[in-house]
Amino acid sequence: MFELKRYLKNPILEPIKEHVWESKMVFNPAVAVKDDKIHVIYRARGDDEFKGVLVSRLGLAVFKNDGVTLEKRHEKPVFAPTEWYEPAGCEDPRITKENGLYYLLYTAYSGIGEDSFLKKEVVNVAMASTKDFLKWEKHGLLLPEVDKPEKNGVLFPEKIQGNYVCYYRIEPHIYVAYSKSLDHPVWRGHKKVMSSRPDSWDSEKIGAGAPPIKTELGWLFIYHGVDRRGPLRRQIKTKAGTVDYERTYRLGVMLIDKDDPEKILYRSKGWILEPKESYEKEGMVPNVVFTCGAVVLKDTLFVYYGGADTVVALATCKLPELLEAIKKDKI
Ligand code: BMA
């Protein structure tokens, strides 16, 4: 089984106690390259709650083009809830560059509450865009026509057959939709394209990880899979005490046909990263590795990910070696 290699000095970002907005959790990072710098946009939670939910905002850390040397970490969040559909948080960012703009897809969470007029639809994918990761334009809910909670929205970095393409997740599967425009998107053709697999590490549910990356073999698509097999209730020691927890989040990989986002060419049987280190097994939510962004620098794939919903970490591999390994693992 092919596994990513962890960066030896992980984690690369940890919560900062003195910053109320990111004092408890920094996790699930997106990544984008701008002016030869690696911009890591991460989800953060601190001290404040909305109806019992820790509010999520997005922070920005800028790294040199080696992917690991931190140049600047912004003291304040760069993106925060302002709209009616997201008072409980802007979660799990994914960034795609398109027409010279950086588009952000994120999970807009309206929270749960007796008086919530959105009782049924508390989780939606929303979109925003920026040129510099500091000033943003919010475009609203991306898929208002989807009447079930949807998450894990990713945009392909170019049009395919004249359409922008988006993957999103309605539990437990991944769906695709197409739009001619991003300025005034109308998403059509909603269709299930990838399923969870019984008796596997991705048996309970799956969801997009990083936005797809173009390679000579097709689109490289890193996704997360959730496993609920094994003992029904496991007791795990965390900093906050002993908790019952039974899910494990791992990362897997697929290759998608370059002209057809509905055609899976290869799908790894195994995972490419699973929680092993203490910063992945212990934290606010134990046993989680969860990525929202990856980038190829020279011939190395850099996968930025959240460990145990508490820290940001990095794992890498040589892209040609990963592609070779996936081909051997054909579904
Ligand atoms: C998912 C998302 C992720 C999180 C994961 C594990 O449902 O909310 O943001 O990392 O659960 O808690």
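Keep in mind that this is a model prediction, so the values were computed, not measured.

A. Geometry of the sheet that holds strand S13 (residues 188-194). One open sheet holds the four strands; their spatial order is S10-S11-S12-S13, and the pairing between them is antiparallel. Either end of the sheet is taken by a strand with one partner, and the two such strands are strand S10 (151-155) and S13. Each strand axis lies, on average, 25° off the axis of its neighbour in the sheet, ignoring direction. Where strand S12 (residues 173-179) and S13 come together, four bridges link them in antiparallel fashion. Pairing of Tyr178 across the sheet is with Arg188, part of S13.

B. Main features of the site of the ligand. The immediate surroundings of the ligand are formed by Asn28, Arg43, Asp92, Lys151, Tyr249, Val285, Val288, Phe290 and Asp309. For the ligand, an oxygen atom lies 3.1 Å from a polar atom in the side chain of Lys151. Note that an oxygen atom of the ligand is positioned 2.6 Å from one of the side-chain N or O atoms of Asp309. Taking 310 Å² as the accessible area of the ligand by itself, protein coverage stands at 84%. Mapping the ligand onto the cavity grids shows that it belongs to the largest pocket. Per-class residue counts for the shell around the ligand are four nonpolar, one polar and four charged.

C. Local environment of the pattern of salt bridges. In this structure the tally under the stated criterion is 24 salt bridges. A salt bridge links Glu91 to Arg43, with the nearest nitrogen and oxygen atoms 3.3 Å apart. Of this pair, Glu91 sits in strand S6 (residues 89-98) while Arg43 sits in strand S3 (residues 37-50), and the two are 48 residues apart along the sequence. Of the two residues, Glu91 and Arg43, neither departs from the other in class, the shared state being buried.

D. Structural detail: the state of the cysteines. Overall, the coordinates contain zero disulfides when judged by the stated rule. Of all cysteine sulfurs in the structure, the one in Cys292 sits closest to Cys317, which takes part in no disulfide; the separation is 18 Å. Exposure remark for Cys317: the relative accessible area of 5% places this residue in the buried category.

E. Up close: the nonpolar core. If you look at the biggest cluster of nonpolar residues, it comprises 25 residues, and the most contacted ones within it are Leu220, Ile222, Leu301, Leu322 and Ile326. When residues of this core are traced back to their parent elements, those giving at least two are strand S16 (218-227), strand S19 (248-256), strand S21 (289-297), strand S22 (300-307), strand S23 (311-318) and helix H2 (319-328). Once you skip the residues sitting within four places of it in the chain, Leu322 turns out to touch Phe2, Leu220, Val253, Ile272, Leu301 and Cys317.

F. How the structure looks around the layout of surface pockets. By volume, the largest pocket amounts to about 530 Å³. Arg43, Asp92, Lys151, Tyr249 and Asp309 are, among the 25 residues lining the largest pocket, the residues nearest its centre. If you list the elements that add at least two residues to the lining of the largest pocket, you get strand S2 (25-34), S3, S6, strand S7 (101-109) and S10. Top contributing element to the lining of the largest pocket by residue count: S2, with three residues. Among the residues forming the lining of the largest pocket, the class breakdown is nine nonpolar, four polar and twelve charged.

G. Structural detail: H2. Within the span of H2, buried status applies to Leu319, Leu322, Leu323 and Ile326. The arc enclosing the buried residues of H2, seen along the axis, measures out at 100°, which places them on a common side.

H. View of the sheet that holds S23. As summarised here, the arrangement of the four strands in space is S1-S23-S22-S21, forming an open sheet in which the pairing is antiparallel. The two strands at the open ends of the sheet, each matched to only one other strand, are strand S1 (5-6) and S21. With eight bridges joining them, S21 and S22 adopt antiparallel strand pairing. Its bridge partner lying in S22, Val296 is registered against Leu301.

Rules behind the numbers
Residues numbered from 1 in each chain as written. Predicted model: local features only at pLDDT ≥ 70, side-chain atom pairs only at ≥ 80, totals over all residues. Heavy atoms only, no water. Pairing = 2+ DSSP bridges. Helix = DSSP H or I, 4+ residues; strand = E, 2+ residues; numbered from the N terminus. Axes fitted to C-alpha atoms, helices over the stretch in contact; angles between N-to-C directions. Near = heavy atom within 4 Å. Polar contact = N/O pair within 3.5 Å; in protein donor to acceptor, adjacent residues only side chain to side chain. Areas by Shrake-Rupley, 256 points an atom, 1.4 Å probe, with all protein chains shown as cover. 1 Å grid on protein atoms, 1.4 Å probe; cavity = no way out; pocket = protein on both sides within 12 Å on 5 of 7 lines; lining within 4 Å. Sits in = over half its atoms within 2 Å of the grid points. Nonpolar A, V, L, I, M, F, W, Y, C, P; charged D, E, K, R; others polar. Salt bridge = Lys/Arg side-chain N within 4 Å of Asp/Glu carboxyl O. Buried < 20%, exposed > 50% of the residue type's maximum accessible area, 1.4 Å probe, protein only. Disulfide = S-S within 2.5 Å. Core = buried A, V, L, I, M, F, W, Y, C linked by side-chain atoms within 4.5 Å. Contact = heavy atoms within 4.5 Å. Points joined across faces, edges and corners; volume = space filled by probe spheres on them. Arc of directions from axis to C-beta.

Distances and angles like these do not, on their own, reveal function.
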